[in-house]
Amino acid sequence: QVASGAAQPRQLLTLLKAYQGVFQAKDNSQHGQASHLQKGLNKLQEVSRTVGELQDQAHKKEIELAEQQKRAQEALHNITQAMQAAAERRQEVEKLEKETQQDEKHNLEEKGKIEEQLSTIQPLIDQAKKAVGSISPSQLNEIKSLKMPPEPIHDVLSGVLRLMG
């Protein structure tokens, strides 16, 4: 006989089956959550590795960028110096051109004065050449035969030699 407040075996079996079902459901739920959390953790670790790799690549790119910026600064500095040197040379050339123009103007003025003086002297030179050309060989032989020519002849011959170079 079974006491009136005691559970019957059939009820205990039903209770055990129900408990087993609830336990199984909870275990499966926790196992699913653990699996889900493990997958999430694996994804986070993968993302962490990817971030580390990207940081390494970014660091390498920063170094490369710094080197390229340094080279660009050096190139800019060289270009600036070259442009300054070119500007200085241009100013120097302009100054020399101005001086050359002034010298050319001065030379043209001097040339005009010299040509004017030459135009007054040229007829005299032409007359002297004509007079020298009219000296006969016998007259030259006579002058050569003189050991000590008279002073006026000596002066004239010295002047002619100087003019003829």
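Residues numbered from 1 in each chain as written. Predicted model: local features only at pLDDT ≥ 70, side-chain atom pairs only at ≥ 80, totals over all residues. Heavy atoms only, no water.

### Regarding the overall build of the protein
- Broken down by element type, the protein carries three helices and zero strands.
- Ordered by position in the sequence, the α and β elements of the protein form the string α-α-α.
- Its C-alpha atoms give the protein a radius of gyration of 61 Å, clearly above 15 Å, the size a compact globule of 165 residues would have.
- Seen through its C-alpha atoms, the protein measures out along the principal axes to roughly 190 × 35 × 20 Å.
- Counting across all 165 residues of the protein, residues that qualify as buried make up 0%.
- Taken as a whole, the protein presents about 15600 Å² of accessible surface, with 58% of it coming from carbon and sulfur.
- Side chains of the protein give 22 positive and 23 negative charges; the mean places of these two sets differ by 15 Å. (Helix = DSSP H or I, 4+ residues; strand = E, 2+ residues; numbered from the N terminus. Rg over C-alpha atoms; globule rule 2.2 N^0.38 Å. Buried < 20%, exposed > 50% of the residue type's maximum accessible area, 1.4 Å probe, protein only. Areas by Shrake-Rupley, 256 points an atom, 1.4 Å probe, with all protein chains shown as cover. Lys, Arg positive; Asp, Glu negative; His and termini not counted. Charge placed at Lys NZ, Arg CZ, Asp CG, Glu CD.)

### Quick notes on helix α3 (residues 151-164)
- With 14 residues, α3 ought to run about 20 Å at 1.5 Å a step, and its terminal C-alpha atoms sit 20 Å apart, in line with that.
- α3 sits mainly on the outside: zero of its 14 residues count as buried. (Expected span 1.5 Å × (residues − 1).)

### Examining the confidence of the model for the protein
- When the pLDDT values of the protein are averaged, the result is 88; 95% of them are 70 or greater.
- No element of the protein has a lower mean pLDDT than helix α2 (residues 137-145), which averages 81, and none a higher one than helix α1 (residues 9-133), which averages 91. (pLDDT = per-residue confidence, 0-100.)

### Focus on a nonpolar patch on the surface
- Nonpolar side chains collect at one region of the surface, where Val132, Ile135 and Leu140 lie side by side and expose about 210 Å² of accessible area between them.
- Within the secondary structure, Val132 is located in helix α1.
- Judged by its relative accessible area of 35%, Val132 is partly exposed. (Patch = residues over 30% accessible without salt bridge, like charges linked within 9 Å, V, L, I, M, F, W, Y side chains within 5 Å. Salt bridge = Lys/Arg side-chain N within 4 Å of Asp/Glu carboxyl O.)

### Comments concerning the environment of Arg89
- You can see Arg89 is positioned in helix α1.
- You can call Arg89 exposed: its relative accessible area is 52%.
- Sequence-wise, Arg89 and Ala25 are 64 residues apart; in three dimensions their C-alpha atoms are separated by 93 Å.

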